[in-house]
Structures are given as structure tokens and as C-alpha cells.
Amino acid sequence: MTLEGARERWVRTGGVELCVAELGDPSRPTVILVHGYPDTKEVWSEVASRLADRFHVVLYDVRGHGRSTAPQPLRGGFTLEKLTDDFLAVADAVSPDRPVHLVGHDWGSVQSWEFVTVERTVGRIASFTSMSGPSLDHFGHWINKRLTRPTPRRVGQLLGQGAKSWYVYLLHTPVLPELAWRGPLGKRWPKILERVEKIPRGDYPTSSLPQDAANGAWLYRDNVRARLRRPRPDAYAHAPVQLVTPLGDAFLSERLYDELELWAPGAVRHTLQAKHWIPRTRPDQLASWITEFVTTHEGERPRSTPATGKYVQRFGGQLVLVTGAGSGIGRATAFAFAESGARVVAVDRDPESAARTAELARLIGAPEAWAETVDVSDEQAMEKLAAKVAAEYGVVDVLVNNAGIGLSGSFFDTTPEDWKKVLDVNLWGVIHGCRLFGKQMADRGQGGHIVNTASAAAFQPSKALPAYSTSKAAVLMLSECLRAELSGQGIGVSAICPGLVNTNITSTAHFAGVDAAEEKRRQKKSARLYGLRNYPPEKVADAILRAVVRNQAVVPVTPEARGAHLMSRFAPRALRALARLEPPL
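Residues numbered from 1 in each chain as written. Predicted model: local features only at pLDDT ≥ 70, side-chain atom pairs only at ≥ 80, totals over all residues. Heavy atoms only, no water.

Peer 1: Is there a simple way to explain the packing of helix α17 (residues 416–444) against helix α18 (residues 466–486) in this structure?
Peer 2: Two quantities define a packed helix pair, namely the angle between the axes and the distance from one axis to the other. One way to put it is that α17 packs onto α18 with a least axis distance of 9 Å and a crossing angle of 15°. Relative to α18, the element α17 lies roughly parallel. Regarding α17 and α18, the two cross each other, and that crossing is right-handed. From α17, Trp-419, Val-422, Leu-423, Asn-426, Leu-427, Val-430, Ile-431 and Cys-434 reach across to α18, where they touch Pro-466, Ala-467, Tyr-468, Thr-470, Ser-471, Lys-472, Ala-474, Val-475, Leu-478 and Leu-482. (Axes fitted to C-alpha atoms, helices over the stretch in contact; angles between N-to-C directions. Helix = DSSP H or I, 4+ residues; strand = E, 2+ residues; numbered from the N terminus. Parallel < 35°, antiparallel > 145°, perpendicular 65-115°, else oblique. Left-handed = near helix turned anticlockwise from the far one by under 90°. Contact = heavy atoms within 4.5 Å.)

In C-alpha cells form, the structure reads like this:
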């Protein structure tokens, strides 16, 4: 099996032949992706295809894996010294005159830590991105510190990682791992990954898995015990390091990297809500972080300003789609996610407003931002948008269904056309977004979050807002129902219920039952009242990010919204009495 569009070559080193695949322009900076156990280079296919338009991407099957040949004998053939020989041979073949950018996952990261800390590779590595694989030397020092200077916290960390490392003990047993991988485990492994890690089917894992896994057991046997007993005292990184830590990793504790700055000063850290096999489950996010790190250390001018928001560790590199992003709460929300390092898709029916939001988002921290034009009430247009986003940008991690319109007027003055318009946008727009993008989240199986902008009008009745309040009440109940349905899939749903917020929705709201001149007068008066209240949309955006982080169900925003929410629960009769008052318009 080969990567689509890849150029192949063979590199001879240390008695083995390594199968090397290349994508992209060889004149561009070279990024070498090193796979883990029991993988082959195909584990990187989704990440590689996303990097190939900007870099010269190189992948190779580690000795004894995939189409690379195995050393003979196997024992002693997988030492870190020999793996370093392999890396240097590949680097010299694909980028003889220029340092390479190194990326490793799992055992690919373990061996890459060796590459970036030994003297003979100095000058050959421009940067290193590590994920789900520590340096064995650093790990050894980490263990020794907890054994020689124990505290309850350190002992707990040691026992916790010891439990996570159960598979390492098994791989050191003779013969049994080979029999298991060539027998039932090898046959069931794809199904296990699909069920436990939610890895989508594709070109991974390859048919060589049983043999690869059997050979790769010697990665552990040749290196782990020796290095953990006698870790090198000088294992300092001689290249910039970026660390990506999936918080749901079943095999490695994030506490393993507590002393990383001792060995890699200035290391850039990212965490993400994911399990172990992030090259398959989070390719878009990884490609974004790798691109940003590589371009920074190539001296290229970054496409965006570095993110400085308070939630960078939570949203950095995630894909966030916001509807109604051309102004008001939608634009403020897009900016808030951008400041936290998210990639942003700004959706609005006004193409110029959407483009401006995307442009500004890049300037304040979004590594990438795109503008899309759509009417959220148009089912077919939304289906096309969802297909385009999935194909070109990836599966959305956070969806913010914010687009909405205002409508005021008594029930009998509100025409069927008025009802249809407000329900099409305020309710059906949310339904389309949840159905299409929420389905993509669910199919991916890696969780996510949906935010639906409702309103304090969802629980505060008013004689002047029957249609608007009905639409927002429906959004609130939809959110509650969807939250219950998706909770088992790791997808949170939040309903945001703002009160009086100073946005342009008042100047575009429709007033039923009045002529054009009177409607214009009421729009101006309502805009003036909201302006005097002057509650900024940025505070609503902060509440939205906080709701996602905390997985909150219903979030009233503004004091009057919180008051109305409390009254709806504890003093509904008083709230109904307030509903009878004439609006100040």
C-alpha cells in the first residue's frame, strides 16, 4: 500500500532497506514524520496530505515495519543507536544540504527524542514535534526522582503510569506477543482501534500489521529496560521542541512531562481532548500546529499573530465554525476563539462581513480563518457548506449556531410569512447546523461541542415577541434534547441565552403590523435603548467559550437574563405578569 501521489525511494542503511515516501515540493522545508508501534508510515497519511501543499513531507517505514526490511537477527537490531543511523540515512537522502523538521508519534517520538538529544545529529534537525512518546532517558530520570525522593503525589504518579504501562511488561515476555499478533490480536486490531479509539477506516492499519507488531516488540526489548536503568545525564534537546499531549491517552500520563523544561527549555506545549492515535483522529489540528511551528523556525512570516487568549491550551488548533459571524455576537465569538488559537470558519449571509471577520481573526491569533457565505435557512446551501468544510478544513470541533433575526409585534399582527421567516432562520438554521455538523462530529467519534444561541426570551414571555420568543424557546428545548442524546458520544451542547446586548440585531429587526416609516422609527428607538444598556457582545463571547470549557447546559448572559431565568423557575407568576407590560417602543 502506498500513499496517494507519493514518490517512493529506497534507502540502504545498516543492513536494511527503508521504504521512503515523499510528498510536496522538494525545494520547500523538509518535514520527516516518524511512526510508532505497531504502525507503519500510513498512520501519517491524513497529516501528510495536509502538510504537502507547504512542505516537502517525508515518511518512512521504520526497520522491520511495512515495506522496510527487518534486521537479522531481530534481537539487537532495533537499538536506538541503529534507529538513529536510519534517521540520518533518510535525512541525508531527502535533504542533504538543509536541516529537517522532525515529527514523531508514539515510538516514533521515543526514537526521535534520541535523534534530537545525541551529538551526532547536531545541525541536522531544525525542530522537533513530539506526541505520545517520551524520551526514555527523561522517563528514567522521572522514575528515579519519584523513587529516591518520594512524596504521596509522586508515588501516585508513579503508580498511575505503572498501571498505564501494562502492555510494556507483556511485550518483554518471550514468544507470547509474537503469537498474539500473528493470531487473534492481529486480526482484531483494526476493530479494536475503531471501537476504542474511534479511528475511521481507510488506508490504516495496513495488511502487514501482524508481522510489523511481532518485529516491533524488539523496540521495547532492545531499549526500555537498559535506558530506564541507566538514563543518559546529558539528554538535552539541541533543537526547538513542541510537545502535543492528548489528555485521554490510555498509555501515557501527562505528568510524564512535568520536568520537560529541564531538558528542552522553552518547549511549546499543546494539549487536546483526544486519545492516543491523534495522527488518525486529529490530523487537521496536528497539521495546523506543525505548520505553525515549522514556519516559525524557518524564519517565515507567520500567516497570523500568535494567540494569547486565556483558553489557548483548550482551543489551540481546533476548528470552530460560527454562523452569523459577520457582526455582533457572532463576530465577537469568532474573535474570542481566534485569540485562543482556534482555526475559524466565519459564516454569514453577507460575504463582505464574513471576509472581514476572517481577515481580522487571522490578525488576532487564528492560525487559519476562512469566510463562507450561506443563508442558514437554506437546507441545500447548508448541506453544501457542511460537505465543503469537511473536505477542505476538517471536521468541526466546536459549532456555534448563532445566526438569528429579530421580530417584534403582536400575535395577530404577525403574518404567516413573518412566522416562516423567523422560524426558518432562528430555528431551522440551528436545526440544519446541528444535524449536519453534529452528525460529522458523531461519525468522527472524537467528541466536540455545539453552542446554540437562544435568548432570555426563551424563558421570558412577552406580549410583543410571540414569534421571536417561540423560536428561541424551541432552540433552548432542542439544545436540551440534543445534549441528552449526544452526551454518550462526548459531544456537549450548550444553549446561550443573552439578554439585552448591544448589537445590530435591533437595527435590522422587523416590526409586524406597522408601516415602513413606523418600523424605521422603532428600529432606531430600540437600537438607542440597547445602546444605553451597552452590554458588549464580547462578554457574551466570553460566556460561550466558558460554556464549552465547562460543558454548561444553559447559560443566561446579562443580569436581566439571569434574573428572568431564576424567575422562570421560582416565580413564574411574576414573570407572566411582566409579560403583559407594554414594551418601551
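Here the narrative resumes.
Peer 1: How should the packing of helix α2 (residues 80–94) against helix α3 (residues 107–115) be read in this particular structure?
Peer 2: Relative orientation of the contacting elements α2 and α3 amounts to 85°, with a least axis distance of 9 Å. Between α2 and α3, the crossing angle belongs to the class labelled roughly perpendicular. Between α2, through Leu-80, Leu-83, Thr-84 and Phe-87, and α3, the contact on the second element is made entirely by Trp-107, Gln-111, Glu-114 and Phe-115. Among the residues making up the contact of α2 with α3, the classes are represented as five nonpolar, two polar and one charged. (Nonpolar A, V, L, I, M, F, W, Y, C, P; charged D, E, K, R; others polar.)

Peer 1: Help me understand the layout of surface pockets, please; the structure alone is not making it clear to me.
Peer 2: Using a probe with the size of a water molecule, rolled over the atoms, empty space left in the structure can be pinpointed. Each pocket or cavity is described by its volume, and for the second largest pocket that value is around 940 Å³. For the second largest pocket, the lining is made up of 50 residues, of which Ser-288, Trp-289, Thr-291, Glu-292 and Pro-367 are closest to its centre. Mapped onto the lining of the second largest pocket, the elements with two or more residues apiece are α1 (45–51), β7 (241–246), β8 (268–272), α12 (283–297), α13 (312–315) and α16 (379–392). Ranked by residues supplied to the lining of the second largest pocket, first place goes to α12 with ten residues. Its residues assigned to classes, the lining of the second largest pocket comprises 20 nonpolar, 18 polar and twelve charged. (1 Å grid on protein atoms, 1.4 Å probe; cavity = no way out; pocket = protein on both sides within 12 Å on 5 of 7 lines; lining within 4 Å. Points joined across faces, edges and corners; volume = space filled by probe spheres on them.)

Peer 1: For this particular structure, what's the right way to read the nonpolar core?
Peer 2: Across soluble globular proteins, you tend to see nonpolar side chains buried next to one another. By size, the foremost hydrophobic cluster in this structure holds 82 residues, and its most contacted members are Ile-32, Tyr-60, Phe-87 and Trp-107. Of all the elements, α2 adds the most residues to this core, at eight residues. What Trp-107 contacts, discounting residues up to four positions off in sequence, is His-35, Gly-36, Tyr-37, Leu-80, Leu-83, Leu-136, Leu-219, Tyr-220, Asn-223 and Val-224. (Core = buried A, V, L, I, M, F, W, Y, C linked by side-chain atoms within 4.5 Å. Buried < 20%, exposed > 50% of the residue type's maximum accessible area, 1.4 Å probe, protein only.)

Peer 1: Please clarify how the side chain of Arg-232 should be interpreted in this entry.
Peer 2: Tracing the backbone through its elements, the reader meets Arg-232 in the loop between α9 (209–229) and β7. Exposure remark for Arg-232: the relative accessible area of 17% places this residue in the buried category. Within the structure, the side chain of Arg-232 is placed 3.4 Å from the side chain of Glu-114, a separation counted as a polar contact. Residues within four places of Arg-232 in sequence aside, it is in contact with Glu-114, Thr-117, Val-118, Asp-137, His-141, Arg-227 and Trp-263. (Polar contact = N/O pair within 3.5 Å; in protein donor to acceptor, adjacent residues only side chain to side chain.)

Peer 1: It is not clear to me how the packing of aromatic side chains should be interpreted in this structure. Could you clarify?
Peer 2: To describe a pair of aromatic rings, you give the distance between the ring centres and the angle between the ring planes. Summed over the entire model, instances satisfying the criterion amount to 18 aromatic pairs. A ring pair is formed by Tyr-37 and Tyr-220, whose centres lie 5.4 Å apart and whose planes are at 80°; its orientation type is edge-to-face. Placement of Tyr-37 in the loop between β3 (30–34) and α1 and of Tyr-220 in helix α9 is noted, with a sequence separation of 183 residues between them. With a centroid separation of 5.1 Å and an interplanar angle of 90°, the aromatic rings of Trp-113 and Phe-128 are classed as edge-to-face. Here Trp-113, found in helix α3, pairs with Phe-128, found in strand β6 (residues 125–131); they are 15 residues apart in sequence, far enough to count as distant. Judged by relative accessible area, which is 1%, Trp-113 ranks as buried. A residue is classified by how much of its surface remains accessible, and Phe-128, at 0% relative accessible area, is buried. Ring pairs connect the aromatic residues Tyr-37, Trp-107, Trp-166, Tyr-167, Trp-181, Trp-189, Tyr-220, Phe-251 and Trp-277, which therefore count as one cluster. In this structure, Arg-221 packs its charged tip against the face of Trp-218, placed 4.8 Å from the ring centre. (Phe/Tyr/Trp six-rings, centres within 6.5 Å; stacked < 30°, edge-to-face > 60°. Lys NZ or Arg CZ within 6 Å of the ring centre and 35° of its normal.)

Peer 1: What am I meant to see in α16 here?
Peer 2: Because an α-helix completes one turn every 3.6 residues, residues spaced three or four positions apart along the sequence face the same direction. When the terminal C-alpha atoms of α16 are compared, their 20 Å separation across 14 residues agrees well with the 20 Å that a helix rising 1.5 Å per residue should span. Looking at α16, one finds that the buried residues are Met-382, Leu-385, Ala-386 and Val-389. For α16, the buried positions fall inside an angular range of 100° around the axis, keeping them on one side. Of the exposed residues in α16, those oriented more than 90 degrees away from the buried face are Gln-380, Lys-384, Ala-391 and Glu-392. (Expected span 1.5 Å × (residues − 1). Arc of directions from axis to C-beta.)

Peer 1: When you look at a nonpolar patch on the surface in this model, what are you seeing that I'm missing?
Peer 2: Residues Trp-166, Tyr-169 and Leu-170 make up a contiguous nonpolar surface patch of roughly 360 Å² in combined accessible area. In this fold, Trp-166 is placed in helix α6 (residues 166–171). The exposure class assigned to Trp-166 is partly exposed, which follows from its relative accessible area of 45%. (Patch = residues over 30% accessible without salt bridge, like charges linked within 9 Å, V, L, I, M, F, W, Y side chains within 5 Å. Areas by Shrake-Rupley, 256 points an atom, 1.4 Å probe, with all protein chains shown as cover. Salt bridge = Lys/Arg side-chain N within 4 Å of Asp/Glu carboxyl O.)

Peer 1: Got a minute to help me understand the sheet that holds strand β11 (residues 369–373) in this structure?
Peer 2: What links the strands of a sheet is backbone hydrogen bonding, and the strands pair in either a parallel or an antiparallel sense. Strand order in the open sheet made by the seven strands is β11-β10-β9-β12-β14-β15-β17, with parallel pairing throughout. Unpaired on one side and paired on the other, β11 and β17 (554–557) mark the two borders of the sheet. Strand-to-strand twist in this sheet, taken as the mean axis angle between neighbours without regard to direction, amounts to 15°. As paired elements, strand β9 (residues 319–323) and strand β12 (residues 398–401) share three bridges and run parallel to each other. Across the sheet, the residue bridging to Val-320 is Val-398, located in β12. Together, β9, β10 (343–348), β12 and β15 (491–498) form the strand contacts of helix α14 (residues 328–339), whose direction differs from that of β9 by roughly 170°. Contacts between α18 and the sheet are confined to β14 (448–453), β15 and β17, with β15 contributing the most and set at about 160° to the helix. (Pairing = 2+ DSSP bridges.)

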